[in-house]
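One-letter residues, chain by chain:
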Amino acid sequence: MDFTELYKHSGSLVSFSPGAHFVLNAVQDRVIIRKTDSFQISRTWVIDPTPSESAALFNKQTTKTTRHLAESKSSTISHASWSSDSEYILAASVKGGFVQVFKLRDEEWTARIACGAEGLVKAVWAPDGRTILCFSDWGLRVTIWSLVTGAASYIQFPLYPDKGFAFRADGRYFVLAERHKSKDTLGIYDASESYKLVRHFPLPTSSLASFALSPTGNHIAVWEGPLEYKLHILTLAGNRLASFSPEPEPVLGIREVAWHPTGMFLAVAGWDDKVHILDSLSWSPVTTFELSSRISAEVAIWREPSKWLESTQGRGFLSYEKLRGPQTITLNKTDHTKANPKSGTVQLAWNQTGSLLLVRYETTPTAAHLYLFPSPNEAFVPRLRSVLLHSQAISQARWNPARKGSLALCCGNRSVYTWSDEWENESGEQEEIAECIGVPAREFDTRNICWSKDGKGLILMDKETFCCAFEVEEATT
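Residues numbered from 1 in each chain as written. Predicted model: local features only at pLDDT ≥ 70, side-chain atom pairs only at ≥ 80, totals over all residues. Heavy atoms only, no water.

- As annotated in an unreviewed UniProt entry, the protein is WD repeat-containing protein 8 from Lentinula boryana.

Structure (structure tokens):
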């Protein structure tokens, strides 16, 4: 991999453009756009620090010291993201109560959304790239602003600002979890008709944790809060197809849910180190994976070499050690009598084709488990294929969005880790390979990673700095 220099960021606001030609990063009150081929600055903007009228009124009622701090925070960017076509960039300030929009091809053009007394918690793009959704404080409403018409429409009482909403894959319908008359409700809105309400229906939950819309857009999985292990499958018309709760029911509820890319399967996991795979025909478990300290010899076990960063001085790359024969891994003991026990599944993620499922358990924070799912013409016998073991806890793990067998991980140290099953041996057969890659920087710990949409580049983030890494493409003659 080739690495860029280190650049500053604030709030982990760094992202590739959807076309992967530019990189956006925010530093305090500034938005910076760089070209990915040279990393030269293409555009830079400073947001207007003037707070919205409501935020300004609040500042007047505070003390001089508090007012100064509030004014400095009002000019700090809290959200920054690309529109779907890379034409526009939004930069929002939660403390300032406003959203400013910039245009990539016109450095002078700008638009501004000032939020009212309801405040601002989050601002996101709609799939059309010309509509911005602003979530207010206290769950009062979602305001939908159109850059084309300048008009706004409103949806009242969203349940959450950071989850509980989704667009269908084609962007036609917007689905929102709401709370009306003390009851969980789901609202479906037509994005092509100015977010006109299509239907409202009550949910069979008493305290909705969240929901997941299937890739086909035909089904919705909703589940209860952390104290009940109950999941329900609904249609977009609100009809309940099935409910799932394992026997015996675990003490705590559901923690992670992930749809298979085709919508054929649904992975469900809680705090009990079990992953249930439901099929889309019966909506009942067809297999269950349970974490075990014993790993059979049939599983490929890869271990990070001891002190490899010191021996290589963080430069170059080194293969994982491949362990032979049955192995035993350490499982941390969990005290379920305490709040937020360190157990259960912290991540479920399917690869691009759904042939592999990544599972990270909090009981084994240094390990990543990869489960193999057979192709449709093979016998359905999912199994544990590979386990990646590290010296430190895994911070993030991300599948390549463009390649089915490419995974990147980070562990909060001066490196990035990769696993792939696309390597060809001397016989021309594909086999898996795992590598540790040092980041050539003196002071840098990789705490988060993000792929470009084309799968050719990675953003690596530390607390205040970031760099990008790109695969070295072999020259063709």
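Now, onward.
1. With respect to the environment of Ile 254
Point 1. Within the fold, Ile 254 resides in strand S23 (residues 254-259).
Point 2. Sequence separation between Ile 254 and Tyr 361 is 107 residues, and the spatial gap between their C-alpha atoms is 14 Å.
Point 3. Excluding residues that lie within four positions of it along the chain, Ile 254 makes contacts with Trp 223, Glu 228, Tyr 229, Lys 230, Leu 231, Val 268, Ala 269, Gly 270 and Trp 271. (Helix = DSSP H or I, 4+ residues; strand = E, 2+ residues; numbered from the N terminus. Contact = heavy atoms within 4.5 Å.)

2. Things to note about the nonpolar core
Across soluble globular proteins, nonpolar side chains have a tendency to be buried as a group.
Point 1. Among the nonpolar cores identified, the biggest contains 21 residues, and Leu 358, Leu 388, Trp 399, Leu 407, Leu 409 and Trp 419 are the most heavily contacted of them.
Point 2. At the level of secondary structure, the elements contributing two or more residues to this core comprise strand S28 (300-303), helix H3 (308-312), strand S33 (356-361), strand S34 (367-372), strand S36 (396-399), strand S37 (406-410), strand S38 (415-424) and strand S39 (430-438).
Point 3. Contacts of Leu 409, omitting those with residues within four sequence positions, involve Ala 368, Leu 388, His 390, Ile 394, Gln 396, Ala 397, Val 416, Tyr 417 and Ile 449. (Core = buried A, V, L, I, M, F, W, Y, C linked by side-chain atoms within 4.5 Å. Buried < 20%, exposed > 50% of the residue type's maximum accessible area, 1.4 Å probe, protein only.)

3. Let's talk about the sheet that holds strand S8 (residues 88-93)
Point 1. Strand order across the open sheet formed by four strands is S7-S8-S9-S10, with antiparallel pairing between neighbours. The open sheet terminates on both sides in strands that have one partner only, identified here as strand S7 (79-82) and strand S10 (106-114). The average angle at which neighbouring strand axes cross in this sheet is 15°, direction not considered.
Point 2. Across six bridges, S8 lies against strand S9 (residues 98-103) in antiparallel orientation. Paired with Leu 90 across the bridge in S9 is Val 101. (Pairing = 2+ DSSP bridges. Axes fitted to C-alpha atoms, helices over the stretch in contact; angles between N-to-C directions.)

4. Focus: the layout of surface pockets
Leftover empty space is mapped by rolling, across the atoms, a probe with the size of a water molecule.
Point 1. The calculated volume of the largest pocket comes to roughly 820 Å³.
Point 2. Lining the largest pocket we find 27 residues, and of these Met 1, Arg 403, Glu 435, Glu 471 and Val 472 sit closest to its centre.
Point 3. Mapped onto the lining of the largest pocket, the elements with two or more residues apiece are S38 and S39.
Point 4. It is S38 that contributes the most residues to the lining of the largest pocket, five residues altogether.
Point 5. Considering the residues around the second largest pocket, the lining is formed by 13 residues, among which Trp 125, Pro 127, Phe 167, Arg 168 and Ala 169 are closest to the centre.
Point 6. When the residues that make up the lining of the second largest pocket are grouped by side-chain class, the tally is eight nonpolar, four polar and one charged. (1 Å grid on protein atoms, 1.4 Å probe; cavity = no way out; pocket = protein on both sides within 12 Å on 5 of 7 lines; lining within 4 Å. Points joined across faces, edges and corners; volume = space filled by probe spheres on them. Nonpolar A, V, L, I, M, F, W, Y, C, P; charged D, E, K, R; others polar.)

5. Some details on the state of the cysteines
Point 1. Enumeration over the complete set of coordinates arrives at zero disulfides.
Point 2. Its sulfur unpaired, Cys 450 is 9.4 Å from the next cysteine sulfur, which belongs to Cys 468.
Point 3. By relative accessible area, Cys 450 is classed as partly exposed at 30%.
Point 4. Not part of a disulfide, Cys 468 finds its nearest cysteine sulfur in Cys 467, a span of 6.8 Å. (Disulfide = S-S within 2.5 Å.)

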